Amino acid sequence: MRKTPARDFGGRSRSEVAEFFEMAMVRTDRAILVSDVRRHVRFVNPAFTQLFGYSIEDVKTTNPWVLLAGPKTEARLHERAERGTSSFSDDFLLHTKSGATVWVSAKIDAIYDEDGTFRYLMAMLTDITESKRLQQLQRSVLEGMARDVPLETLMNMLCSQVEELVPDVISSVIAVDDEKRLRVLAAPSMPPHIARIINGAAAGPNAGSCGTAAWRGEPVTVTDIATDPLWADYKEAFLPLGYKACWSSPMVMRDGRVAGTFAFYFKEKREPSEWHRAIVETCVHLCSMAIERHDARSQINKLSYYDTLTGLPNRQLMRERIARSLAADPLGQHRFAFLCIDIDRFKDINDNFGHEAGDIALSEVGQRLLALAGSADMVCRLDGDTFLLVLNNANAEAASRTAREVIDRLLKPVSISGHAVALSSSVGIAFYPEDGGDVDTLQKNWDTAMREAKAAGRATYQFFSPAMNTMTQDRLVLGNALRAALAEDRLTMAYQPQFDASGSRLYGIEALARWTDPVHGTVGPDRFIAIAEEIGVIETLGRWALRTACAQLARWRSEGFAVPMVSVNISPLQFRNPTFSGQVAECLAEFGLEPGDLTLEITEGLMLDRTPSVMTNTESLTEMGVHLSMDDFGTGYSSLSFLARLPVDELKIDRGFMDLLEDDANAQAVVTAVVRIGQSLGMAVVAEGIETDAQRRFLEALGCTVHQGYLYAKPMAGAALSKWLAARPDCRPRKRA
């Protein structure tokens, strides 16, 4: 049986102590309620009546806890008291006489007789409604952040809830941008023209409460807007609204940056109360968290959706935008043109000038494309050196005009490491809805068209067609087969003799790569070399051709055949490799050959390429003594003065002219000009593809130095050519012309 402990009243009588207790209970601002074992009210103090609106007369015949909290809460309270819990604390949501709700912090004490009999339940109740509402405000904003509510929506929600919590204030949230200018994020109770006044205003030492707080980085309290000098430039707009005082607090981020301000406006001249200060402190913290989260998500979004180098949308964002545009056009009534732009030979810039120079070039490409695009168009960097320009509502004529303008604009030189470099580009064009109704199909088709533009000679544009798609699939299949053939050493080399003009003396032998696939049959060099370049195995193919040709020449020499030299076709991609001249030197040394035993056939366009790797390889090979031949001469646009300075020993007339030589006056003129150029520059001139005696006589009359073609000998395998050599008495070593 619990007994109430004896009380020490400090020598005072019980009546004196009772008087003091009564005085304290009457004067305290905490509501006090005492009920008995029958759950009837025995005492309420004035603070109780003031808080809940009930007098002792209102509640003495009722169960007060049922009235205030409902039967469930009442039962729980008395159960805890009756089972021996003498004292406990809890928060309760109670109801006043008017029906309003009040949050209280309750200290509940069970009072027992000396014999342990439960007699009374005394509750001391403290109004915590304001702090509870502040907690609810915090929870509401935090939940909004967790749901990724947009920042402006979240800030407007915060201001609205604050104004419900404190009806005597108007609140606002102002953001500060990187240029220290103000932008209204939220001011739901202010008229719209106020936002127009604030937006763009600079933070400064006399810029109202908010602009000054942002500039100082500390709270600014203005108790009289009409007279305070900080408000001189703004008071005429605010005073007519009844705003007389303003307190603004800066939101300082962890890095020290002021990201914004939170302000209270009052309609009386006053300073904030402690309650106001508590709310502002909470709101500044919540706003800072929300802005930091927004900035972090914006940065993540930027990294996810924007290219960090050019600032353009990346592939992912572009795909999402295109998908949204297509979804909004289910009937295919709109029209888009997609221009896929790829920089030709961009790898050369990185290889020769470095990746920083490459970044400069790509940034410039992005800026030029942005300048070209209309307001309704889109530009993105797909990856590497590939960009996409989406033209809104464009037909074929507009797309081709824009593609031509893209090519021309990018050809204007860019200054890279002190060099003026023109950026050649190839453009592939696909249309919605003709070439695809979804992003994946369109992407495949504009990429196909771009590759066709590259295959057509670069610095041009091509439209997508179903035939392109078939060709792309064909190249994919052949590309896989070519990789396998190279890995399994299934390519072969054919050799075609070259003769002096009389046709009686061997000049040299050209090595020609051949590929016969068990599935696809014979695949011509014009196909598989282009495929090798596209799929990135051209250097592997080139090294194989160089070693195979050199090995065969060494074999013929060891067999006693006087073969003057062997010539090998070299891809521009291979020649642009800075290590290429070293590879040639190693190959010659491996097979015991002299540099003069080898001729490398390169294209006219490559010889005009003055990038450092090409120039270095050209100089190294020339100094070494390796002969250089300009293949397919007459199909390009060489300057004769420039040609005279090139370290080439030989010009090869494109075989296409041979097919027309007998009947076409233009072909005859070109061949004549090439031979005369070679003669004037002291170069050998090789005419390949000679098949008729009439062609031979024409070339002989011109004084063409070297003849090659079926009229003299067809390409043969190495063993077959050995037999052919064995039958010729003229195969003696001689000095190359």
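Above this text is the structure in question.
My aim in this report is to walk through the structure given alongside it, one point at a time. (Residues numbered from 1 in each chain as written. Predicted model: local features only at pLDDT ≥ 70, side-chain atom pairs only at ≥ 80, totals over all residues. Heavy atoms only, no water.)

1. Here's the deal with the overall build of the chain
Helix and strand counts for the chain come out as 28 helices and 27 strands. For the chain, the C-alpha radius of gyration of 45 Å lies well beyond 27 Å, the compact-globule estimate for 737 residues. Projected onto its principal axes, the C-alpha positions of the chain cover 150 × 65 × 55 Å. Relative to its full complement of 737 residues, the chain shows a buried share of 47%. When contacts within the chain are restricted to residue pairs at least 6 apart in sequence, those whose partners lie at least 24 apart make up 61%. When the accessible surface of the chain is totalled, it reaches about 35,200 Å², and 51% of it is carbon and sulfur. For the chain, the separation between the mean place of its 80 positive charges and that of its 96 negative charges on side chains is 4 Å. (Helix = DSSP H or I, 4+ residues; strand = E, 2+ residues; numbered from the N terminus. Rg over C-alpha atoms; globule rule 2.2 N^0.38 Å. Buried < 20%, exposed > 50% of the residue type's maximum accessible area, 1.4 Å probe, protein only. Contact = heavy atoms within 4.5 Å. Areas by Shrake-Rupley, 256 points an atom, 1.4 Å probe, with all protein chains shown as cover. Lys, Arg positive; Asp, Glu negative; His and termini not counted. Charge placed at Lys NZ, Arg CZ, Asp CG, Glu CD.)

2. A short note on helix H19 (residues 538-558)
Between its first and last C-alpha, H19 extends 30 Å over 21 residues, near the 30 Å set by a 1.5 Å rise per residue. Two residues or fewer past H19, Gly560 is found with a positive phi of approximately 90 degrees. (Expected span 1.5 Å × (residues − 1).)

3. Overview of unusual backbone geometry
For the bond running from Tyr432 to Pro433, omega is 10 degrees, close enough to zero to count as cis. Summarising the element assignment, Pro433 is placed in the loop between strand E16 (425-432) and helix H16 (439-455). One non-glycine residue with positive phi stands out, namely Asn393, at about 55 degrees. Among the structural elements, Asn393 can be located in the loop between strand E13 (386-392) and helix H15 (396-411). Owing to a relative accessible area of 57%, Asn393 belongs among the exposed residues under this scheme. The backbone phi angle of Asp489 is positive, close to 55 degrees, even though this residue is not glycine.

4. With respect to the packing of aromatic side chains
Within the structure shown, the criterion is met by 18 aromatic pairs. Relative to Trp724, the ring of Phe499 has its centre 5.9 Å away and its plane inclined at 70 degrees; by these criteria the two rings are edge-to-face. One end of the pair, Phe499, is in strand E18 (residues 492-500); the other, Trp724, is in helix H28 (residues 718-726), and 225 residues separate them in sequence. Accessibility expressed as a relative area gives 2% for Phe499, which makes it buried. (Phe/Tyr/Trp six-rings, centres within 6.5 Å; stacked < 30°, edge-to-face > 60°.)

5. Remarks on the side chain of Glu510
The topology assignment puts Glu510 in strand E19 (residues 506-517). For Glu510, the side chain forms a polar contact with the side chain of Lys652, separated by 3.1 Å. A polar contact is formed between the side chain of Glu510 and the side chain of Gln708, at a distance of 2.7 Å. Once you skip the residues sitting within four places of it in the chain, Glu510 turns out to touch Ala494, Tyr495, Gln496, Gln498, Ser567, Asn569, Glu601, Lys652, Glu688 and Gln708. (Polar contact = N/O pair within 3.5 Å; in protein donor to acceptor, adjacent residues only side chain to side chain.)

6. Things to note about empty space enclosed by the protein
Counted under the stated rule, the structure contains 1 cavity of 30 Å³ or more. Of the volumes computed, that of the largest cavity is approximately 110 Å³. In terms of lining, the largest cavity is formed by 14 residues, of which the most central are Leu182, Ile198, Ala207, Cys210 and Tyr234. Tallying contributions element by element places helix H9 (residues 208-216) first for the lining of the largest cavity, with 4 residues. (1 Å grid on protein atoms, 1.4 Å probe; cavity = no way out; pocket = protein on both sides within 12 Å on 5 of 7 lines; lining within 4 Å. Points joined across faces, edges and corners; volume = space filled by probe spheres on them.)

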